[in-house]
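Coordinates in review
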Amino acid sequence: MPSAGAVLDAIWGAGALGLSASFFDVDAYRDAGETKQLRLLTLLMLFMAGVSRALGSAAILSLNQMPVRRYPLVFAAEGIVFILTAAAFAISAVLVDLLVFSGEIPDTRLFWIVALAHSPILFGLLVMMPYLGEAIDRGLRLWTAVLVFFALHRGLEMPLHAAIGVALIGWLTFALLRVAFGRPVGHLVGAARRLAAGRL
């Protein structure tokens, strides 16, 4: 079992990686997924982003209706859900590259770079700010979209048209998958959340 110091170091490292990626650090994207440590830090960063988003969303109000001992499980569930969401978008981008652009970029690199571009959601906690929450949420989504394009174009050195194509068509593919499978997946996610909250 890792020590408390090791856990804190990992959290610090994931946060630092997320901040670097959020503020357009090209090297963060060029190195994305290159080592096992970077892959683990990226997953931890996504988990932290999911927790932050949960804290900032209106869903957090439901915590008032459950025992305190359930809080860690609820936040863990939200963190895992966000990892899966980012992974689904990254997989969509990989599929677009394979089908439209003949898979010129290694799939694993593309996956981790697109996943890392979700780093702005680390600031999801700010969505709880009165009157500004909705605008902040939209800003974070736009920030993420811009980072996906930036990561593809500068991090992977994709040609401009290919970066735009993968980012845009990847987003559309992800949106179509959500329409096609959103309801059954939503039921599963909802069940997981209720289980974490002890409401099944």
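Notes on the structure follow. (Residues numbered from 1 in each chain as written. Predicted model: local features only at pLDDT ≥ 70, side-chain atom pairs only at ≥ 80, totals over all residues. Heavy atoms only, no water.)

Attention shifts here to the pattern of salt bridges. In this structure the tally under the stated criterion is 4 salt bridges. Close ionic contact of R109 with E34 constitutes a salt bridge, the shortest N to O distance being 3.4 Å. In this pair, R109 is assigned in helix 5 (residues 107–116) and E34 in the loop between helix 2 (26–30) and helix 3 (36–56), connecting sequence segments 75 residues apart. On the accessibility criterion, R109 (22% relative accessible area) is partly exposed. A salt bridge links R138 to E134, with the nearest nitrogen and oxygen atoms 2.7 Å apart. Of this pair, R138 and E134 both sit in helix 6 (residues 133–155), 4 residues apart, which is roughly one turn of the helix. One exposure class covers both R138 and E134, and it is exposed. (Salt bridge = Lys/Arg side-chain N within 4 Å of Asp/Glu carboxyl O. Helix = DSSP H or I, 4+ residues; strand = E, 2+ residues; numbered from the N terminus. Buried < 20%, exposed > 50% of the residue type's maximum accessible area, 1.4 Å probe, protein only.)

Turning our eyes to something else, we now look at the packing of aromatic side chains. With the rule as written, the count across this model stands at 6 aromatic pairs. Seen from their ring centres, Y29 and F150 are 6.1 Å apart, and the 75 degrees between their planes marks the pair as edge-to-face. With Y29 in helix 2 and F150 in helix 6, this residue pair connects regions lying 121 residues apart in the sequence. Each member of the pair, Y29 as well as F150, is classed as buried. Taken together, the ring pairs in this structure connect F23, F123 and W143 into an aromatic cluster. (Phe/Tyr/Trp six-rings, centres within 6.5 Å; stacked < 30°, edge-to-face > 60°.)

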